[in-house]
Amino acid sequence: MSRSTTVSMLTSQTDSVLKEFQPKWLFAALAATAIFFFGACEDLGEFGPEVLPAGDRIETRYSDTNHVIFTSEWIDSTNTYRAARQLFGNYIDPDFGRITAETYTQVLPQSNLNFGDAQDLIFDSLVLKLNIESSYGRPATVQTLRIHPLTEGFPEGDTIFSTTRLAYDDSRDLGNGYQIDLGESEGVGRLTIRLDDDLGRRILFASPDTLGDKDLFQVLFPGLYLGTDPVTYQSREPGAIYSLFGSSDLTLLELHYKKRESGSQAFRPQVMPFLIVSSTPRFTHLSRTEVSDKLLAQALPQPDTAQELEFLQGGLLIRTFVKLPNLEELGQVAINQATLVLHVDRDLLGSDNRFAPPASIWPVFADSTGQPVYAGSEPVLASSAVAYNSTEGTYTIPLTNYTQQLVNGQRENYGLVLLPENPGLRINRVAIGGTSHPSLAPEFRVTYTTLPE
């Protein structure tokens, strides 16, 4: 049986920045048209334009436009207190400046710790073991590790950020200039460093009251500073930041000693581990220097008025703000698909892609002041984390639901803040094409269906 019906033709919304219609979107739009057509194949009799007037025709349209508001904010601070990973080391980035990381950590005693009488003890050594999980930069650069005892305790955790520093005794290098040489290990390794004997003896022969009380133990041993000497230009892009898995079983302080067996003159070797667990106070201090003549300072004035490049970086936080204006011009529509495609400038990833972009980014709702919205300590995401596509050199952010909410007036259009995923754990950075970039401008791609008024 046949009938007459009005089926819309696929059209493209046009504006001054409309780009070339893409075949993959044509396929999706034709599929939507087919649904309307074949869904009408019921015996409902004859009807024509007088039933569905021209003004009520349903159309599927596609817009591919770079008309977005896109700015970067250079903050250089983030929350690193009790993060799952700590950072130390330094490297020279030809575009983002010299990046330096230092770790401050306490070491907590075991409960009811008591080594016994001093005459029954013989000190052997104090060893620090560090589990280096990854590196960023050129890890083959040999760096000199500096381990200094802290001379002050930790402040309250909510006052600690990556800009915080603590006093330490730089005249005492407990690691004796240990050389970090990861060679061709791709930036991973387990370091074993013998520390200064004096600190080990102070711990071993401390009174049971001091050893068994957290506060008294921290007076005896406030904690450790871990940092490296500044690297120099002995190679291109020298140095690296090491990511320390501080709360793993492989990162700990070990006190080796011998203890006399009861009723005997024989001494048996003993090892007392001091673990760094998730609750141990620790944080990373981060700084950026030697940047005034670098691309970052030239292309990212504050406030951001340049439009050719935008930036993201973890640790020394740089975040971007995105807003999709003029959505009300779409009228009453159903959003089939909406994505924001960001194009990475892969010429700025360093030699051999040494300075890899963040593996994922977070699109976070912004509030009325342009700040990211948090629920407790977690950012409120407009979509799931968006992975970097290294083949295409893009981040493609799905925004279908978000765009529909904006069109419907269900959400205020305050915009989104883009953050590197887990910014307190990684130092990865990236340059993204801005709205005036000649070839890498962001693309806001929307397929939508018009609805009868």
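About the cut-offs
Residues numbered from 1 in each chain as written. Predicted model: local features only at pLDDT ≥ 70, side-chain atom pairs only at ≥ 80, totals over all residues. Heavy atoms only, no water. Helix = DSSP H or I, 4+ residues; strand = E, 2+ residues; numbered from the N terminus. Buried < 20%, exposed > 50% of the residue type's maximum accessible area, 1.4 Å probe, protein only. Contact = heavy atoms within 4.5 Å. Areas by Shrake-Rupley, 256 points an atom, 1.4 Å probe, with all protein chains shown as cover. pLDDT = per-residue confidence, 0-100. Salt bridge = Lys/Arg side-chain N within 4 Å of Asp/Glu carboxyl O. 1 Å grid on protein atoms, 1.4 Å probe; cavity = no way out; pocket = protein on both sides within 12 Å on 5 of 7 lines; lining within 4 Å. Points joined across faces, edges and corners; volume = space filled by probe spheres on them. Nonpolar A, V, L, I, M, F, W, Y, C, P; charged D, E, K, R; others polar. Core = buried A, V, L, I, M, F, W, Y, C linked by side-chain atoms within 4.5 Å. Pairing = 2+ DSSP bridges. Phe/Tyr/Trp six-rings, centres within 6.5 Å; stacked < 30°, edge-to-face > 60°. Lys NZ or Arg CZ within 6 Å of the ring centre and 35° of its normal.

It is worth spelling out the overall build of the protein chain at this point. Counting its secondary structure elements, the protein chain contains 6 helices and 25 strands. Relative to its 453 residues, the protein chain shows a buried fraction of 50%. Of all intrachain contacts in the protein chain linking residues separated by at least 6 positions in sequence, the fraction that spans at least 24 positions is 82%. Carbon and sulfur atoms make up 49% of the accessible area of the protein chain, which amounts to about 21200 Å² in all.

This next bit is on the confidence of the model for the protein chain. When pLDDT is averaged along the protein chain, the result is 87, and 87% of the positions lie at 70 or above. Taken together, the stretch residues 1-52 has pLDDT below 50 and engages in 68 contacts with residues farther than four places along the chain or on a different chain.

In this section: unusual backbone geometry. Trans is the common state for peptide bonds, and a negative phi is the common state for residues other than glycine. Here the amide bond leading from Gln-302 into Pro-303 is cis, since omega sits at 0°, within 30 degrees of zero. With respect to the helices, strands and loops of the structure, Pro-303 is situated in the loop between helix H5 (295-299) and strand S15 (309-313). Even without being glycine, Asn-176 reaches a positive phi, approximately 55°. Following the sequence through the fold, Asn-176 ends up in the loop between strand S7 (143-149) and strand S8 (179-180). The exposure class assigned to Asn-176 is exposed, which follows from its relative accessible area of 60%. Even without glycine at this site, Asn-422 takes up a positive phi of about 50°. Within the fold, Asn-422 resides in the loop between strand S23 (416-420) and strand S24 (429-433).

When their charged atoms lie close together, side chains carrying opposite charge are able to pair. Overall, the coordinates contain 22 salt bridges when judged by the stated rule. Salt bridges sharing partners connect three or more residues here, namely Arg-236, Glu-237, Asp-352 and Arg-354.

On inspection of all chains with the given rule, the structure shows 1 cavity of 30 Å³ or more. Each pocket or cavity is described by its volume, and for the largest cavity that value is around 60 Å³. If you trace the largest cavity, you find it lined by Gln-86, Thr-103, Thr-105, Leu-128, Leu-130, Leu-224, Leu-226, Leu-244, Gly-246, Thr-251, Ile-276 and Arg-282. Of all the secondary-structure elements, those providing two or more residues to the lining of the largest cavity are strand S5 (97-105), strand S6 (121-137) and strand S10 (224-228). Residue composition of the lining of the largest cavity, grouped by class: 6 nonpolar, 5 polar and 1 charged.

Ranked by internal contacts, the top residues of the largest apolar core, which has 35 residues, are Phe-115, Leu-130, Ile-147, Ile-203, Phe-221, Leu-255 and Phe-274. With 6 residues, S6 is the single largest residue contributor to this core. Beyond its immediate chain neighbours, meaning those up to four positions away, Ile-203 contacts Phe-115, Leu-211, Phe-217, Leu-220, Phe-221, Leu-255 and Phe-274. Ranked by size, the runner-up nonpolar core spans 31 residues in total, among them Val-68, Phe-70, Leu-399 and Leu-418.

This part takes up the pairing of S23. Of all 5 residues making up S23, 5 are buried, and the element is well covered by its neighbours. Burial along S23 is two-sided: Leu-416, Leu-418 and Pro-420 and Val-417 and Leu-419, pointing in opposite directions, are all buried. Sheet topology note: the strand S18 (residues 360-365)/S23 ladder contains 5 bridges and is antiparallel. Paired with Val-364 across the two strands is Val-417, which belongs to S23.

Turning our eyes to something else, we now look at the packing of aromatic side chains. In total, this model carries 14 aromatic pairs according to the counting rule given. Between Tyr-91 and Phe-355, the ring centres sit 5.4 Å apart and the planes meet at 25°, which makes this aromatic pair stacked. Of this pair, Tyr-91 sits in strand S4 (residues 86-93) while Phe-355 sits in the loop between strand S17 (333-343) and S18, placing them 264 residues apart in sequence. Per residue, the accessibility class of Tyr-91 equals that of Phe-355, and both read buried. With a centroid separation of 6.2 Å and 75° between ring planes, the pair formed by Phe-217 and Phe-221 is classed as edge-to-face. The buried category is assigned to Phe-221, whose relative accessible area is 2%. Taking the ring centre of Phe-245 as reference, the NZ or CZ of Arg-85 above it sits at 3.7 Å. The ring of Phe-365 has Arg-411 sitting right over it, with the charged end atom 3.8 Å from the ring centre.

A volume near 620 Å³ is recorded for the largest pocket. Lining the largest pocket are 22 residues, and of these Thr-78, Asn-79, Tyr-374, Ser-377 and Pro-423 lie nearest its centre. Tallied by class, the residues present in the lining of the largest pocket amount to 13 nonpolar, 7 polar and 2 charged.

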